[in-house]
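Each chain, letter by letter, is given below.
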Amino acid sequence: MLAENKIGQKFSALAINEVALWRQSNQTAKFTVILDDITRMEELISDGILVSTPAGSSAYNLSAGGAIVPLGSNVLALTPICPFRPRRWQGAIIPHYSEVSFEILEHNKRPVNVIADYQEFYNITKVSVKELRSQEITLMFDDTHCLEDKIIKEQFAG
């Protein structure tokens, strides 16, 4: 994730689960949604929006009404948080190689923060999210609790 705040500071962070943009005030946030340099939504008015990996799709993304996606699916879930306009937009499933960007509209009146898993940055004006395949990470593993099984079970839970 790359982000810029209203005084021009730039930030980068790695997220394994999701990148969340979230309103900082009592007013909804306004975003322009850009996918691979093409504006797909001129104005999304909502409390926020998530870009979730398959690993994060069964957590905050699911709670926000987003789709659970299998680990090997090579997609990202784009999920609005409490969307106001367009009212019925439920989000999108996009290819994992896509770059999704957000421009925060009226950022002085409607401040937004961005969170990449646990790292949070404030007063953001732009955010860009893209998969980074060159980064290696080490995860804890417990052979009695398989994340892939959890994701499958969650899709059939009542």
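The coordinates are above.
Anyway, here's the lowdown on the structure attached to this text. All of these numbers come straight from a predicted model, not from anything done at the bench.

Focus: the overall build of the protein chain
Point 1. Looking only at helices and strands, the protein chain has two helices and eleven strands in total.
Point 2. For the protein chain, the succession of helices and strands along the chain, N to C, is β-β-β-β-β-α-β-β-β-β-β-β-α.
Point 3. With the C-alpha coordinates of the protein chain rotated into their principal frame, the extents come out at 50 × 35 × 30 Å.
Point 4. For the protein chain, with 158 residues in total, the buried portion stands at 40%.
Point 5. Considering only contacts within the protein chain whose residues lie at least 6 apart along the sequence, 65% involve residues at least 24 apart.
Point 6. Accessible surface computed for the protein chain: about 9300 Å², of which carbon and sulfur atoms make up 52%.
Point 7. For the protein chain, the distance from the average position of its 15 positive side-chain charges to the average position of its 19 negative side-chain charges is 11 Å.

Overview of the pattern of salt bridges
Once the charged atoms of two side chains with opposite charge are near each other, the side chains can pair.
Point 1. As enumerated under the stated definition, the model contains six salt bridges in all.
Point 2. Arg-23 is the partner of Asp-47 in a salt bridge, and the nearest nitrogen-oxygen pair spans 2.8 Å. Note that Asp-47 is positioned in strand β5 (residues 38–52) and Arg-23 in strand β3 (residues 18–23), a separation of 24 residues in sequence.
Point 3. Salt-bridge contacts for Lys-30 lead to Glu-106; the nearest nitrogen and oxygen are separated by 3.0 Å. On the criterion of sequence distance, the pair formed by Lys-30 in strand β4 (residues 29–35) and Glu-106 in the loop between β8 (99–105) and β9 (112–116) is long-range, its members being 76 residues apart.
Point 4. Taken together, the salt bridges that share partners define one network made up of Lys-30, Glu-43, Glu-106 and Arg-110.

Some remarks on the environment of Ile-115
Point 1. By the element assignment, Ile-115 lies in strand β9.
Point 2. For Ile-115, a relative accessible area of 21% corresponds to the partly exposed category.
Point 3. Residues Ile-115 and Ile-104, eleven residues apart in the sequence, show an inter-C-alpha distance of 15 Å.
Point 4. Once you skip the residues sitting within four places of it in the chain, Ile-115 turns out to touch Glu-18, Val-19, Ala-20 and Glu-120.

Section: the nonpolar core
Note that soluble globular proteins tend to have their nonpolar side chains buried in a common cluster.
Point 1. Grouped together as the largest cluster of nonpolar side chains are 27 residues, with contacts concentrated most on Met-1, Leu-21, Ile-49, Val-100, Phe-102, Val-114 and Val-127.
Point 2. Every element with two or more residues in this core is listed here: β3, β4, β5, β6 (75–85), β8, β9 and β11 (124–130).
Point 3. What Val-127 contacts, discounting residues up to four positions off in sequence, is Met-1, Leu-2, Ala-3, Leu-21, Val-100, Ser-101, Phe-102 and Val-114.

Here we look at the side chain of Lys-30
Point 1. Given the relative accessible area of 13%, Lys-30 is considered buried.
Point 2. Side-chain polar atoms of Lys-30 contact the side chain of Glu-106, separated by 3.0 Å.
Point 3. In contact with Lys-30, other than residues within four places in its own chain, are Glu-43, Leu-44, Ile-45, Glu-103, Ile-104, Leu-105, Glu-106 and Arg-110.

Regarding the environment of Glu-106
Point 1. On the basis of relative accessibility, which here comes to 36%, the residue Glu-106 falls in the partly exposed class.
Point 2. Once the C-alpha coordinates of Glu-106 and Ala-3 are considered, the two residues, 103 residues apart in sequence, prove to be 16 Å apart.

Quick look at the packing of aromatic side chains
Point 1. Under the criterion given, the structure shown has two aromatic pairs.
Point 2. Arranged with centres 6.4 Å apart and planes meeting at 70°, the rings of Phe-31 and Phe-102 form a pair that is edge-to-face. Here the residue Phe-31 occupies a position in strand β4, and Phe-102 occupies one in strand β8, the gap between them amounting to 71 residues.
Point 3. Classification of Phe-31 by relative accessible area gives buried; the value is 0%.
Point 4. The residue whose ring lies beneath Arg-85 is Phe-84, and the NZ or CZ to ring-centre distance is 4.7 Å.

Conventions used here
- Residues numbered from 1 in each chain as written.
- Predicted model: local features only at pLDDT ≥ 70, side-chain atom pairs only at ≥ 80, totals over all residues.
- Heavy atoms only, no water.
- Helix = DSSP H or I, 4+ residues; strand = E, 2+ residues; numbered from the N terminus.
- Buried < 20%, exposed > 50% of the residue type's maximum accessible area, 1.4 Å probe, protein only.
- Contact = heavy atoms within 4.5 Å.
- Areas by Shrake-Rupley, 256 points an atom, 1.4 Å probe, with all protein chains shown as cover.
- Lys, Arg positive; Asp, Glu negative; His and termini not counted.
- Charge placed at Lys NZ, Arg CZ, Asp CG, Glu CD.
- Salt bridge = Lys/Arg side-chain N within 4 Å of Asp/Glu carboxyl O.
- Core = buried A, V, L, I, M, F, W, Y, C linked by side-chain atoms within 4.5 Å.
- Polar contact = N/O pair within 3.5 Å; in protein donor to acceptor, adjacent residues only side chain to side chain.
- Phe/Tyr/Trp six-rings, centres within 6.5 Å; stacked < 30°, edge-to-face > 60°.
- Lys NZ or Arg CZ within 6 Å of the ring centre and 35° of its normal.

Just geometry here; none of it tells us what the structure is for.
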